Each structure stands twice: as C-alpha cells, then as structure tokens.
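Structure at a glance
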Amino acid sequence: MKTQLMGCPPCALALIFALAFPPAHAEIALYWNTGDIGQVQDIIVADANMDGVKETIVGCQLGYTGVSPFRVFNGVSKILDTSIMLDTGYPNKIQVTDIDGDGDTEIIVGSTTSWEEGAEGHIYIYDGSTYSLEWKSENIGTVVSLHVADFDLDGVNEIFAGIWRAAVQQDFGRILIFDGISHAIEFDTTLETHYFFSEGSTVCDLDNDSALEIIFVETDVAVSDSSKVFMVDRTPNSVEWKLGASSVFRGTACGDVDNDNQIEFVICHTTGTSPTDIRQVKVFDSNWVEEWSYDFSDEPFWGPTTLAMGNVDGDQIPEIAVAVTTMTFGGYACLIDRQTDSIIWSTGPGGSIDVVTFADVNNDGWLELCIGYTTSFSSGYMEVYEILDLDDDGIPNTTDNCPMMSNPDQIDTDTDGKGDACDNCPNIGNADQMNSDNDSYGDICDNCPTANNQGQEDSDDDTFGDACDNCPNIANSGQEDSDSDNKGNLCDNCPDQYNPLQEDYDLDGIGDSCDPCNNFMFTMESPGDTVLVQFLHEFSYYPTITDPDDASHSVIYPEMPHWCTVINDTLKGTAPDTAFVEPVTVIAMDACNVDTLLFVTVIYLCGDANGDGFMNILDITFLINYLYRSGAAPDPIESGDGDGGGSINLLDIVYLINYLYKGGPAPNCP
C-alpha cells in the first residue's frame, strides 16, 4: 500500500544520474524487463510447483480500486505461466513454502484494498501446483507485512501478518500470528493509537537464541509523522520497542553487512524532503547501537524506501540494494558497497520502486537483482539485472574458474576447472571441491578431512593433523587403534582395553582399565609416637587402615615388644611388671601397595611417679615436690595421675596415701 508524491521531472533526473554515480565495479546487465504488468507490490522467486525450476511470482496492483492478480512467470523463458486474480483487493505480500508440513508447497498471499474500499485485507493460501485456493482468512485489515516461519520453535510454521490498519478502518495497526496448520490465531495485538504497521519489516535471529525475531516499523502519519522500531519475539511472546525518532523509518533487512560473523539490522531513515533533511541507510548491531550510515541527503529525492542484501562483487561481504524514491512516480535503485562505503552501481531513472530483492530468477545458480516499479496508479513493471562478472576480473561468471574471487590470470595448476585463487586443493585435482569439515582445505588435501583445522597443525609430522591424529605427539602414520577408543596404540595407556578418557590414577603410565595396580594408595592411622601400657595390663593392636578400593590387607611386625605375639595379624600381649621401652614396626600390604608405621611401647607402673619401679612414700614426696615446689614431672606424666582424673593434683596424692596406708583401691591411671 504505497503513497505517491509529486516532484521533479525525469529529464532532470537523468542529468543527476549522469553526474552522481561512478561506473559499476561488477558487470551488471539487464536480463529481463516484463513490460507493464501493473504496480509491482512484491517479488518472490521459488519452486512453487516443485518441478525443479524456480518460478518468479509477482504481486501486482491494476488500479487504486478493484481486484488484482499475482502473476507466475518462468524465469528462464521469461514467459507468463498464469495470473491468479484475488477476489478482494490486490496481493501486497507473498511467501512460498510448505506451510502445513504436508510435503507440498503453498503460496501464501496477504491482500490489501484501498481506503475507499474499507481498507479490507485477507490471508490467502493457494496450492503451489494447481493454484487452487486452500484457505482464506476473515477480514483482518490491510496486510502490508507477511512472514512464514516456526517462530516459537514448536515444529509448526506460523504466519506473521503486519496490518497497516486494523479492519473497519481502525486508527491503529495490528499484529496477527496464525498457526500454519489449523489457521487459528496464536498471537494478536494492536499498535498504539495513530500508529500504523509500516511495510518495513524483516525476519532474523538478531539475539542469537536460535529463534527468529520479526523486526517491524510502526508509523504515525496522522499526528506526529514519526516512526518506531519494534521486535517481536515468540520465545517467549514479547513486543519490545527498540528505536524511535521524530522521522520516518521505512524498509528493513538483516544480515552480516561487514563480515564479522554477527547479524546486523539495516533500515531506511528519512526526516523530510528538504535539502537539509536526513535521508540515510543505517546499520545497527544486535545491541541496537548504530554502526554505520550512508547519506543520500544531497540528492533531490524523498529518500530510501526499501532495501535488500546480496553479494554481487565476490568479496564475501553483501552489498545493500536500496530503492530511492523521487517526489513523483520516479526513482532509482543502487548498490552500496560496504568495503568502500560507496555506490558501485545504479539504474537509470525509472518508476517509483516498491520492491528490491536478490534471487536466482534464471535458475543458473547465481543471484539476480529484481526491482519492482510503479509508474502510475495502475501500471508498473519488473526489471531483473544479471550480475555477469561477480568478481570484476573481466571474466564472465559462466566461464570464470573463480567467479567469486578476482583472478584475471585464470591459473589452474591442477587443471580441475577451479582456479588456484579459489581452489581448496590447488595442487591436487578435485573438481567437486568436497570439503566435509568446512575449513579452507578440500578433503583430498586436508590432513584432517572430517575435523575443522584451519591451521593444519601436525606436531609429529605423520601427515595426520593434530585435530584428528589419535597420537598427535607420536608419529604413527598407520593410526593403529586396536581397542577403537580414538587413542592410537603407540600412545594408549591401555592399547587393548577401551578407555577413551585414559584415566591413570597412580600416574604409572598404565591406564586404570588395564592396570593390576591402579589402586588408590592406602594409609595407616598412627597411634602416636608412643603407646603407654601399664604393668600387667593387656595390650592389643591392629592398624586402622583407610583404603578406598581394597578391604584385604596383610600385616606384619618386623619389630615388636618381647612380651607380645602376633595372632591373626594382631599384636597381643600382657605387659610385664618391669618398665620397658621397645619399638614397634608395622608393615601393611595389599596386592600393589605397601605402607609402614613406627611407634614405641612404654611399660610403666601406675602410681610410680618417680619411675623407680616401686610405689612408696617416695612417690608421694615426688608428687608434692612437682605440684608445690617446682620439682620434676613424673615420666611418663600419666604415672602420677593415680585417680585417673586426667590431671595431677592434690587428689592424686591423697589417693596414693589411701592405697599405701589405709587399704584404699590401687591407682588407676588413664
């Protein structure tokens, strides 16, 4: 739904074009002019009837009122196959896809009528082969945007419709999303009052979350003459305001315009028609920060209105095709090169342009530039430009052995039909250019044909790249791997036992899977440097062993007290009534490991504070001197704690007196 303005004549435009634009970088020539087919509203190139040849489908408007068709052309023969007349309005937007997942392609059309006809609009779905009508929506208002995709990632395509004005001439636009199979409305929201859904919308994964977003423009043409940019996200459902200005945003597109592997958003921006007004194409990054702009302000045109992106010069960076509209039914299209930030090609003056797109119209495998013109309220035409020499090296695409990379010398060392400049194996013939891992090397010369390894590193020089070498640091050109664990025999710590993780707990070079002694090291808990045993008391010792993987151990005692014996690996004995200090050596073993422990046993008489081997008045005197006269401490200290209280004090002296002289109980040291 377009509005035409009045302005400067075509003769003046011709002079402007002659002065303003440099010669083309890539060789571009007119492939096809359809002649008058009505105002061109949309152009889609797709194999709608699934015969292996893409058709060119053009939405046409034959007048301001009445009904109009979409036309289906053969892009190779340039012959009109059929015209399908809508029953209401004209086909403003078209999509071609298998909307319902049944294996057959459908043509989806969004229609529009004029203000005088009530601003009515519908979604139509036609069979792509028979062109028979499969479904028509209710009146939803004038459809100016149409996209089909699985926006909510539920496995079913949806139809997104942007409505210029909601039905019955409401003073606001509307967004509708239909289920592609049931046609039920899944999402329905209206725009702000006075704001209509502009024709500028695009679809891309701008936030890199695997789900496609719809980016659209709403415009207030009644009050503020301003626009806002919103993003619709279906995971989850949200409509977010991203940009706003006291001016008009128009056509939009998404793509990697600077070859940085990031998606950018491109939009047409116009503030007015005077020489000082802004008329630009702007590029924003995924965070909505402006990166770049191209200024059309020095030209006497209303400004850029619609755009598309495609690589026409072979530099791997897409050019931006822009339609620039005059103040009347006139305008031109141009290509902006992002490497030079300049216009590298333009059409001459022609009709007002409502559509620019890149597509393979003639089915030759190369993109063509399609332009849809309007010359009056009922007339217009389509032009298709063929890009004959993408890389501008003087060799036509059809005979260029590197059509996307400039190589005027056409050198082809291996005579495989691919020039050295673009051959992924320039010294080995590989006409199919098979490159399974998508690095820069063809399979036939790639040292890792199934593992992306741009550097082709080969540390051991065995012709297998490190990225796929099963022994990257040990030359093994045979790559033998007996256990199929991706570790070559020469570097596999268990060459006959599958163990891709190569675990080796004990770091002995033998993997746990095949190591008979892969065990964890066990430990024995020490009883301390000294073990005290009272005269005539029983003694028993077996080491406390911590071993995560083995419960069975052998224990020996190469050194032990003379009064002990070993019974079932346990040291046992009754302490004599004579003081002794004797060492104990404990050795524990399992199938693979050994641990050794050392301590000494000290035999003492409880109550014998002075250590002379007897209990008598001298021990009482010794304790008194220790406690009250800074005398020497008992050795061992426990021998003075006769009452077993855990410390030496007056109670121990009293306890010892009671035992020696009053028939009290014998000392009981801890």
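See the structure above.
Here's what I pulled together on the structure shown here.

Definitions and cut-offs
Residues numbered from 1 in each chain as written. Predicted model: local features only at pLDDT ≥ 70, side-chain atom pairs only at ≥ 80, totals over all residues. Heavy atoms only, no water. Axes fitted to C-alpha atoms, helices over the stretch in contact; angles between N-to-C directions. Helix = DSSP H or I, 4+ residues; strand = E, 2+ residues; numbered from the N terminus. Parallel < 35°, antiparallel > 145°, perpendicular 65-115°, else oblique. Contact = heavy atoms within 4.5 Å. Nonpolar A, V, L, I, M, F, W, Y, C, P; charged D, E, K, R; others polar. Phe/Tyr/Trp six-rings, centres within 6.5 Å; stacked < 30°, edge-to-face > 60°. Buried < 20%, exposed > 50% of the residue type's maximum accessible area, 1.4 Å probe, protein only. Pairing = 2+ DSSP bridges. Disulfide = S-S within 2.5 Å. Lys, Arg positive; Asp, Glu negative; His and termini not counted. Salt bridge = Lys/Arg side-chain N within 4 Å of Asp/Glu carboxyl O. Polar contact = N/O pair within 3.5 Å; in protein donor to acceptor, adjacent residues only side chain to side chain.

Quick look at the packing of helix 2 (residues 617-628) against helix 3 (residues 650-661) now. As a packed pair, helix 2 and helix 3 sit with axes 10 Å apart at the nearest point and diverge in direction by 170°. As the angle between them shows, helix 2 and helix 3 are arranged roughly antiparallel. Touching Ile-617, Asp-619, Ile-620, Leu-623, Ile-624, Leu-627 and Tyr-628 of helix 2 are Leu-650, Ile-653, Leu-656, Ile-657, Leu-660 and Tyr-661, all from helix 3. A class-by-class count of the residues in the contact of helix 2 with helix 3 yields 12 nonpolar, no polar and 1 charged.

The next thing to look at is the packing of aromatic side chains. One pass over the structure, following the stated rule, counts 14 aromatic pairs. Taken together, a centroid distance of 4.3 Å and an interplanar angle of 15° make the contact between Tyr-373 and Tyr-381 stacked. Each member of the pair, Tyr-373 together with Tyr-381, is buried. Ring centres 5.7 Å apart and planes at 70° place the aromatic pair Phe-539 and Trp-563 in the edge-to-face group. Residue Phe-539 is found in strand 31 (residues 538-541), and its partner Trp-563 is found in the loop between strand 33 (554-559) and strand 34 (564-567); the two are separated by 24 residues along the sequence.

The next thing to look at is the pairing of strand 14 (residues 195-204). Within strand 14, 9 of the 10 residues are buried, leaving the element largely enclosed by the surrounding structure. Taken together, the 7 bridges between strand 14 and strand 15 (residues 213-220) define a ladder with antiparallel strand orientation. In the sheet register, Tyr-195 faces strand 15, and the bridge partner there is Asp-220.

Time to look at the state of the cysteines. Within the structure shown, the criterion is met by 7 disulfides. The disulfide partner of Cys-448 is Cys-468, and the gap between their sulfur atoms is 2.1 Å. As the torsion about the S-S bond is roughly -90°, the Cys-448-Cys-468 disulfide counts as left-handed. Of this pair, Cys-448 sits in the loop between strand 28 (382-389) and strand 29 (523-525) while Cys-468 sits in the loop between strand 28 and strand 29, and the two are 20 residues apart along the sequence. Note that Cys-471 is cross-linked by a disulfide to Cys-491, the S-S spacing being 2.0 Å.

Attention now moves to the side chain of Asp-547. As for its placement among the helices and strands, Asp-547 is situated in the loop between strand 32 (544-546) and strand 33. Despite its burial, Asp-547 pairs with no opposite charge, the nearest such side chain being Lys-572 at 22 Å. Of the polar contacts made by the side chain of Asp-547, one reaches the side chain of His-553; its length is 2.8 Å.

What follows concerns the sheet that holds strand 28. Spatially, 1-28-27-26 is the arrangement adopted by the 4 strands of the open sheet, whose pairing is antiparallel. Strands at the two margins of the open sheet, each flanked by one partner only, are strand 1 (27-33) and strand 26 (352-359). Strand-to-strand, the axes of this sheet are offset by a mean angle of 25°, without reference to chain direction. Of the pairings in the sheet, the one linking strand 1 to strand 28 comprises 6 bridges and is antiparallel in character. Of the residues in strand 28, the one forming a bridge with Asn-33 is Glu-383.

Let us now look at the sheet that holds strand 6 (residues 90-97). With respect to topology, 4 strands assemble into an open sheet ordered 6-7-8-9, the strand pairing being antiparallel. Looking at strand neighbours, the two that pair on one side only are strand 6 and strand 9 (133-136), the edges of this open sheet. Pairs of neighbouring strands in the sheet enclose a mean axial angle of 20°, with direction left out of account. Summarising the sheet, strand 8 (residues 123-127) and strand 9 pair through 3 bridges and their orientation is antiparallel. Paired with Tyr-124 across the two strands is Lys-136, which belongs to strand 9.

So, to be careful, I would describe these as geometric facts and stop short of saying anything about function.
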